[in-house]
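# A look at the structure
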Amino acid sequence: QVQLVESGGGLVQAGGSLRLSCAASGSIFAINAMRWYRQAPGKQRELVAGITRGGSTNYADSVKGRFTISRDNAKNTGYLQLNSLKPEDTAVYYCYAEVVTDASRTYWGQGTQVTVSS
């Protein structure tokens, strides 16, 4: 059974920084794409950033230049560095991963709350 566990969320003032982590555990052969999504109250879940196994990245326009996605394949862990945070970044942040065990399946973490105060 594969699990994704996020950590690093919290309360921060506008302009501050946080680093989110997503650790995958279980009988993992490889992890392909990893992504971070977020969902604010009353809004749909949206893609924030994605990274391929090879390190190619993409970002939502709203976070370009402020957020950085990265990964450590040896540790089966993904990261999202959040800088210059704004109140509108407040949301639950979810990790998503395409994990290869005996087959390729997608998994979600439980979410971590990020709250940015003005």
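Figured I'd write up the structure that's included with this text.

Calculation notes
Residues numbered from 1 in each chain as written. Predicted model: local features only at pLDDT ≥ 70, side-chain atom pairs only at ≥ 80, totals over all residues. Heavy atoms only, no water. Phe/Tyr/Trp six-rings, centres within 6.5 Å; stacked < 30°, edge-to-face > 60°. Helix = DSSP H or I, 4+ residues; strand = E, 2+ residues; numbered from the N terminus. Buried < 20%, exposed > 50% of the residue type's maximum accessible area, 1.4 Å probe, protein only. Pairing = 2+ DSSP bridges. Contact = heavy atoms within 4.5 Å. Salt bridge = Lys/Arg side-chain N within 4 Å of Asp/Glu carboxyl O.

### Details of the packing of aromatic side chains
Per the stated rule, a full pass over the model turns up three aromatic pairs. Where Y37 meets W108, the ring centres are 4.9 Å apart and the plane angle is 55°; that geometry is what we call tilted. Here the residue Y37 occupies a position in strand β4 (residues 30-39), and W108 occupies one in strand β10 (residues 104-108), the gap between them amounting to 71 residues. Considering the side-chain rings of Y96 and W108, the 5.1 Å spacing of their centres and the 70° angle between planes classify their relative orientation as edge-to-face.

### Examining the pairing of strand β7 (residues 67-72)
By the alternation rule, side chains of β7 split into F67, I69 and R71, which are all buried, and T68, S70 and D72, of which none is buried. Bridging between β7 and strand β8 (residues 77-82) involves six bridges; their strand directions are antiparallel. By the bridge assignment, F67 is partnered in β8 with L82. Count of turn residues in the β7/β8 antiparallel hairpin: four residues, of which N76 carries a positive phi of about 50°.

### A look at the environment of G55
Its place among the elements puts G55 in the loop between β5 (46-51) and β6 (57-59). Spatially, the C-alpha atom of G55 lies 12 Å from that of Y79, the residues being 24 residues apart in sequence.

### What about the environment of V2?
Its place among the elements puts V2 in the segment before β1 (3-7). Here V2 falls in the buried class, since its relative accessible area comes to 6%. Taking the C-alpha atoms as reference points, V2 and R105, 103 residues apart in sequence, are found 9.6 Å from one another. Those residues within four positions of V2 in sequence are excluded, and the remaining contacts are S25, I28, V99, T101 and Y107.

### Details of the pattern of salt bridges
Considering all chains together, one arrives at six salt bridges under this definition. The closest approach of N and O atoms between K64 and D61, which form a salt bridge, is 3.1 Å. Between D89 and R66 there is a salt bridge, with the nearest N and O atoms lying 2.7 Å from each other. In this pair, D89 is assigned in the loop between β8 and β9 (91-100) and R66 in the loop between β6 and β7, connecting sequence segments 23 residues apart. The buried category is assigned to D89, whose relative accessible area is 0%.

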